[in-house]
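Chain by chain, the residues run as shown.
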Amino acid sequence: MNVTQLVEDMDQYLNYVGGPVGAIALTGVAAFSAYYLASRPLPEKPLVPLHNQSTLLPGPEIVRVSKFYRESKEGKFISYITEDTQTLYETFRRGAKISNSGPCLGWREQPSKPYQWMHYNETLLRARNFGSGLVALGLPPGPQTFIGIYSQNCPEWILVEQGAYCYSMVIVPLYDTLGPDACAYIVQQAEISVVVCEDDAKCNLLIEKAPRCLRKLITIKEIRPATNQRAKNRGIEILYFEDIEKNGAVKNHPEVPPQPSDLCTICYTSGTTGNPKGVMLTHKNVVAGVCAVLLQLGEHKPNTTDVMVSFLPLAHMLERCCENGMYLVGGAVGFYSGDIRRLSDDMKALRPTVTPAVPRLLNRMYDKVNNEIGSSFIKRVLLNMALSAKENEIKRGIIRKNSFWDKLIFRKVQEGMGGRLRLMVVGSAPLAGNVLTFARCALGCLIVEGYGQTECCAPVTLTVQGDFVPEHVGPPVACCCVKLVDVPEMEYFAASNQGEVCVKGTNVFQGYYKEADATSQTIDEDGWHHTGDIGQWLPNGTLKIIDRKKHIFKLSQGEYIVPEKIESIYCRSQYVHQVFVHGESLKSCIVAIVVPEVDVIKCWALENKIPGTLSILCANPEVKKLIMDDMISWGKEGGLKSFEQVKDLYLHPDPFSIQNGLLTPTFKSKRPTLRAYFKPQIEDMYVKLE
Ligand SMILES: *[C@@H]1O[C@H](CO)[C@@H](O)[C@H](O)[C@H]1NC(C)=O
Ligand SMILES: *[C@@H]1O[C@H](CO)[C@@H](O)[C@H](O)[C@H]1NC(C)=O
Ligand SMILES: *[C@@H]1O[C@H](CO)[C@@H](O)[C@H](O)[C@H]1NC(C)=O
Ligand SMILES: *[C@@H]1O[C@H](CO)[C@@H](O)[C@H](O)[C@H]1NC(C)=O
């Protein structure tokens, strides 16, 4: 009896017996067969020695480069793989050619319907028609023309992107999480006159705050007559996507393909201070990033037979790069139906082989499996056996999803993602090591984790196939080099392999649009982009991200203060809901604005028979002393030096929020705004302290 047969029989048996009882009876057999199966598949050899994954450049500084590109050693970086594909216009045409105009963009009209596909040639034709239609609207071809796009992922998104490239135009994505004000700010700053909009709701959001430069909206879906009227009242014309296409086909303007050095996109990112900043990326930047990642994936790199699922926002460069990588290799991209709760349904219908992912998705999967196991001892034992068997395989370089344990334990998880996944690229946020290892075991596919930034068009480092150790982000990719720079105030030093991550290479952006100061603050004279992330080199040449560069200032006696560190310690106090620590170089001590935890303070007040609302309690010296004493003792426990402890505080009853402008959309303190808002209270405290 062959092995597959054995497994299938067992499977059927388990289905027949059902539940844990059958499983117990089988554990002995299971252990044997797992051993038997595990000894069969051939392990893969990693493409670089795992104990030495990057190359150190000669010179006084510690600068590391990829081992995947021979010329990296001479300080050169990859820009493209073949001479004739140096722009995103050319990469798409290469995909069309090598796939022989295979399936390109997939979608489904309704949740119950199967996916339908637009082939490469049709995509190219429609994109060109759309682009020609933009020219017919009076938009001049060339990289000075910016097209806004405000839509969820869908085939039209790609038609707009490729249509714009046919005439060297630049794509500026707008996205929901920025909020309507930020969208209006972007339209204004980039002086965008035409935005492609998904639907009625998004048209309305834009019309609401439309800056004067906005002249035309091109809507993909039907809109209500009332919306049309509102737009007209503001001097904006609404056109239909398909009409632009039709008109473009008639006018048939000759293409004006872009140069590698032309901008392809301005990708706005929201920072912790002020307005979003427009990251200017050229075709060369993006092609370099995409090619470097493809190179590093070796034989695992996608090809014409692969299908990627598209659900992460196209407004982010991680998704843009993954999709453009798929188009370069002639693969297919299927779009989810737009509702993240139905992603699993879409995946079952699409059966993708490749997916980008964010840690949140894997965390959810991890929690879900653990919840299903619940308190069942037997299930837990089986899961642990399965995990340890699979982890042993992964350590030996074996990636598969056909072992006994896959069939017994992990099949449901795998089928939830369509059952055919072979490559997952995770990025955009730190991923916990236990979750990554779990995902590698459970999904049985290659999972690589990257570190990147929009400013580097996405990838900076990426883990290599065969490295099973989590909690690092791999060596630099072949389009850039990485060094760490001293951050003395946080006690990180390059000499001890720790410091701010700095990147130089073909993927590094051209600057922030119309923000010369911000640009020169991040890209130095030698072309190094300072990321603001703190990294550490591991002995095997991989990078680990360990911290984020903080706001820092010096007090008059010369001591450094890291307010965020102090705030995080004070937040451990049960009385503290939010805290903002402030200091100035002309003062010798720091002060704080504290929003008390309302329930705890009210409880305490009740017990101590102190009447009043939170506002009244905030003005009560006893309450202030209670909170301050508690904060100071938490500070001592947290290792704060005496100059790092606040000398006074002001109690404020209203929380900092996004609505009142004191927090960013990602719930971080807007420090300059807080400083300005509480200026009178801060001055008052310093007067009393002197
Ligand atoms: C790592 O590899 C480089 C060449 O890629 C070599 O020069 C270097 O000596 C190696 N380092 C170690 C510690 O093996
Ligand atoms: C796709 O278009 C190209 C260029 O027009 C043409 O050479 C090729 O034959 C087309 N392929 C298919 C399968 O239609
Ligand atoms: C595509 O990649 C898969 C997985 O690496 C491989 O099995 C397959 O042979 C490749 N197909 C082509 C046409 O290269
Ligand atoms: C890389 O180095 C780290 C730290 O020394 C070590 O824990 C890890 O096992 C190494 N990874 C591999 C794949 O050898």
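Anyway, here's the lowdown on the structure attached to this text. Nothing here was measured: the structure is a model prediction, and the numbers come from that model. (Residues numbered from 1 in each chain as written. Chains lettered and ligands numbered in written order. Predicted model: local features only at pLDDT ≥ 70, side-chain atom pairs only at ≥ 80, totals over all residues. Heavy atoms only, no water.)

Below, the discussion takes up the sheet that holds strand 26 (residues 646-651). Sheet architecture is open: three strands sit in the order 24-25-26, paired in mixed fashion. The open sheet terminates on both sides in strands that have one partner only, identified here as strand 24 (576-582) and strand 26. Taken over all neighbouring pairs, the strand axes of this sheet differ in orientation by 25° on average, direction set aside. Where strand 25 (residues 590-596) lies against strand 26, five bridges are found, and the strand directions are parallel. In the sheet register, I593 faces strand 26, and the bridge partner there is Y650. (Pairing = 2+ DSSP bridges. Helix = DSSP H or I, 4+ residues; strand = E, 2+ residues; numbered from the N terminus. Axes fitted to C-alpha atoms, helices over the stretch in contact; angles between N-to-C directions.)

This part takes up the site of ligand 2. Around ligand 2 sit N100, S101 and N121, and that is every residue in its neighbourhood. Within the side chain of N121, one N or O atom sits 2.3 Å away from an oxygen atom of ligand 2. In isolation ligand 2 has 360 Å² of accessible area, and contact with the protein removes 26% of it. (Near = heavy atom within 4 Å. Polar contact = N/O pair within 3.5 Å; in protein donor to acceptor, adjacent residues only side chain to side chain. Areas by Shrake-Rupley, 256 points an atom, 1.4 Å probe, with all protein chains shown as cover.)

Ranked by size, the top nonpolar core spans 86 residues in total, and within it V196, V286 and Y327 carry the most contacts. The biggest single contributor to this core is helix 10 (residues 283-297), with nine residues. In this view, V286 contacts L88, C264, L281, M317, C321 and C457; residues no more than four positions away in its chain are not counted. Of all hydrophobic cores here, the second largest spans 40 residues; its members include A386, F404, V435 and F438. (Core = buried A, V, L, I, M, F, W, Y, C linked by side-chain atoms within 4.5 Å. Buried < 20%, exposed > 50% of the residue type's maximum accessible area, 1.4 Å probe, protein only. Contact = heavy atoms within 4.5 Å.)

To continue, consider unusual backbone geometry. Positive phi, close to 60°, is recorded for S168, a residue that is not glycine. In this structure, S168 sits in the loop between helix 5 (155-166) and strand 6 (170-173). Exposure remark for S168: the relative accessible area of 3% places this residue in the buried category.

Here we come to the pairing of strand 19 (residues 498-505). Counting buried positions along strand 19 gives six out of eight residues, so the element sits mostly inside the fold. Pairing analysis gives six bridges linking strand 18 (residues 480-485) to strand 19, with the strands arranged antiparallel. Within strand 19, the position partnered with C480 by the bridge is G505. Sheet analysis places strand 19 next to strand 20 (residues 529-537), joined by five bridges and oriented antiparallel. The residue of strand 20 that forms the bridge with E500 is I534.

The values reported here are purely geometric and, on their own, carry no functional implication.
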